[in-house]
Amino acid sequence: MIAACAFVQTVLHFFPDLNDWLDELPDTRDPDAIVYETRFLGWYGLWLYLGQLGSRRQLDFQLDAWGTHVLANLNRLAKTNQTTRPVHDTLDHFIGHVGSAGFAALRTLAVRRVIRMRLLDPARLLGHLVLFIDGTGRAPEGSCWHRPHCDHCLVQQHQHTTLYLHNVLEAKLLGPAGVVLSIGSEFIDNANTKPVEGHSADEVKQDCERKALDRLAPKLKRDFPQTRFVLGGDNLFACGRVLQQCRDNDWEYVLVFKPGGMPAVWDEFQRLLPLCPRHVLVRQHDDGTRQEYRWVHDLWYTDGEGRRWTFHALQCLETAPDGTVTRYAWITKLPVSAKNVEEIATKGGRYRWKIENEGFNRQKNSGLNLEHVYSTDPEKWQGYYYLLQIAFMITQLLERGSLLRQLVEDLGKGVRAVFGSLANLAVQLREALKYCLWPEDCFDPLTASGRRIGLDTS
């Protein structure tokens, strides 16, 4: 019951207008045929991921209303009076009628709310929210890798086989306590690739992460026009094309810098480092790790389009206790000095792994099951993808929020003593939905709005 109370109060605190937002989804169903209210089906779809059911069919088994409190609790969450629970095909039809754009807009509303609450401010870099971009595969498991999923599949030729896949370019905001929130998604497929007569799909220049960013960046600027971002990404994005996007959208950037990306600029950077003896900061950590930060100002770079760019470069030489030395380097337009070089390297550079760990690996290797085929219709699949991202946002705010810790401490216990691990939280939350009638006082909006819930960095 602790998990349920913490969940409801967390949702009411951070997203008090969620039901109203769900009502605004552009549902195109025939009004005379509507049985389930939009907000109820929206919550039903979210529970596919909040409960980490793993597949759409599990909704019929894990959330069966027969002999459980599932229907009563869902009605309380949605503030509805549905008398029956839908089956998984009903959800699939609903997502098809709403369309992926509706769920993308719902995610944008949720992210705007979190930003306005200043919840992410402790993770800002020199006043900017850190926006990491990276691509991931979303191709389904099994045989679908070896035959076309749709007309827009990307094609990969290997020595003995041909693979068909769909990828997505994700933009995620970095928050404190290891939180990463999906803020923008651009699907990488050949829907935007023009066919060439006489050439097969694998012979035509396919969609890629850089092309996807060309489409994603204007959408981010449209949805968050006043937000100050610093863009973080790997070496693939350290190019004139991406620097132009940052200039056009008034964004800063911290991009991975490697010898192969800009070889002439890298050579100049290494030659100038010894000529800047004052540009050094050394950190000796208690575990024996030594970090040496060095930087050079005002490097010049001319891209393939003839555009000339000026930026700073910084590197960190990290020596592990066993003597292993690792080099990290980045380019940025942020002002670099001894006062902020460590912060730039850490928040803008080293934390990029969080988008892989929290943003992708967990979504793939847990009950969220990112790579599962929730629908064979590409438009529906994208709707499920956005629902997953919204549910994962709520999950992180519950797991990393201070309210959960406060409630268990009131019992004189710790979070691990109650749940064993945070991995068990989704299971206990799902069980609470089924077998516990959630009390009315959990749904008090005044109590939720009066709580002070931050992200628990402990």
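Residues numbered from 1 in each chain as written. Predicted model: local features only at pLDDT ≥ 70, side-chain atom pairs only at ≥ 80, totals over all residues. Heavy atoms only, no water.

A. A look at the confidence of the model for the protein chain. Chain-level statistics for the protein chain give a pLDDT mean of 86 and a share of 84% at 70 or above. Per-residue pLDDT stays below 50 along residues 138-145; that stretch engages in 21 contacts with residues further than four places along the chain or on separate chains. (pLDDT = per-residue confidence, 0-100. Contact = heavy atoms within 4.5 Å.)

B. Layout of the nonpolar core. Of all hydrophobic cores here, the largest spans 117 residues; its most connected members are Phe7, Phe15, Trp43, Trp47, Phe311 and Trp438. In terms of residue count, helix α13 (residues 378-400) provides more of this core than any other element does, twelve residues in total. The next biggest cluster of nonpolar side chains, apart from the first, holds 20 residues, and it includes Val256, Trp295, Leu314 and Val341. (Core = buried A, V, L, I, M, F, W, Y, C linked by side-chain atoms within 4.5 Å. Buried < 20%, exposed > 50% of the residue type's maximum accessible area, 1.4 Å probe, protein only. Helix = DSSP H or I, 4+ residues; strand = E, 2+ residues; numbered from the N terminus.)

C. Up close: the pairing of strand β9 (residues 290-302). As judged from the five bridges shared by strand β8 (residues 280-284) and β9, these two strands associate in the antiparallel manner. If you follow Leu281 over to β9, its bridge partner there is Tyr293. Following β8, the chain reverses through five residues before pairing antiparallel with β9; Gly288 in that reversal takes a positive phi of roughly 95 degrees. Where β9 lies against strand β10 (residues 308-319), eleven bridges are found, and the strand directions are antiparallel. Counted as the bridge partner of Gln291 is Glu318 from β10. (Pairing = 2+ DSSP bridges.)

D. Geometry of helix α1 (residues 2-14). For α1, with 13 residues, the first-to-last C-alpha span of 18 Å sits near the 18 Å given by 1.5 Å per residue. Buried residues dominate α1, accounting for twelve of its 13 residues. Within the sequence span of α1, burial applies to Ala3, Ala4, Cys5, Ala6, Phe7, Val8, Gln9, Thr10, Val11, Leu12, His13 and Phe14. (Expected span 1.5 Å × (residues − 1).)

E. The packing of aromatic side chains, seen in detail. Enumeration according to the criterion identifies 19 aromatic pairs in this entry. With a centroid separation of 6.3 Å and 65 degrees between ring planes, the pair formed by Phe7 and Trp438 is classed as edge-to-face. With Phe7 in helix α1 and Trp438 in the loop between α16 (425-435) and α17 (445-450), this residue pair connects regions lying 431 residues apart in the sequence. For the pair formed by Phe7 and Trp438, the shared burial category is buried. On the numbers, 5.0 Å between centres and 75 degrees between planes, the contact of Phe257 with Trp266 is edge-to-face. Owing to a relative accessible area of 3%, Phe257 belongs among the buried residues under this scheme. Every member of this aromatic cluster is reached through a ring pair, and the members are Phe7, Trp43, Trp47 and Trp438. For the cation-ring pair, Arg350 lies above Tyr328, with the distance from its terminal atom to the ring centre recorded as 4.0 Å. (Phe/Tyr/Trp six-rings, centres within 6.5 Å; stacked < 30°, edge-to-face > 60°. Lys NZ or Arg CZ within 6 Å of the ring centre and 35° of its normal.)

F. Here's a closer look at the packing of helix α3 (residues 38-50) against α13. As a packed pair, α3 and α13 sit with axes 8 Å apart at the nearest point and diverge in direction by 70 degrees. Our classification of the angle between α3 and α13 gives roughly perpendicular. Helix-helix and strand crossings are classified by hand; for α3 and α13 the assignment is right-handed. Residues Gly42, Gly45, Leu46, Leu48, Tyr49 and Leu50 of α3 pack against Tyr384, Leu387, Leu388, Ile390, Ala391, Ile394 and Thr395 of α13. The residue makeup of the contact of α3 with α13, split by class, is ten nonpolar, three polar and no charged. (Axes fitted to C-alpha atoms, helices over the stretch in contact; angles between N-to-C directions. Parallel < 35°, antiparallel > 145°, perpendicular 65-115°, else oblique. Left-handed = near helix turned anticlockwise from the far one by under 90°. Nonpolar A, V, L, I, M, F, W, Y, C, P; charged D, E, K, R; others polar.)

G. Seen up close, the environment of Val280. Here Val280 shows up in strand β8. Taking relative accessible area as the criterion, Val280 reaches 29% and is therefore assigned partly exposed. Val280 sits twelve residues away from Glu292 along the chain, and the two C-alpha atoms are 6.9 Å apart. Setting aside residues up to four positions removed in sequence, Val280 forms contacts with Glu292, Tyr293, Arg294 and Trp295.

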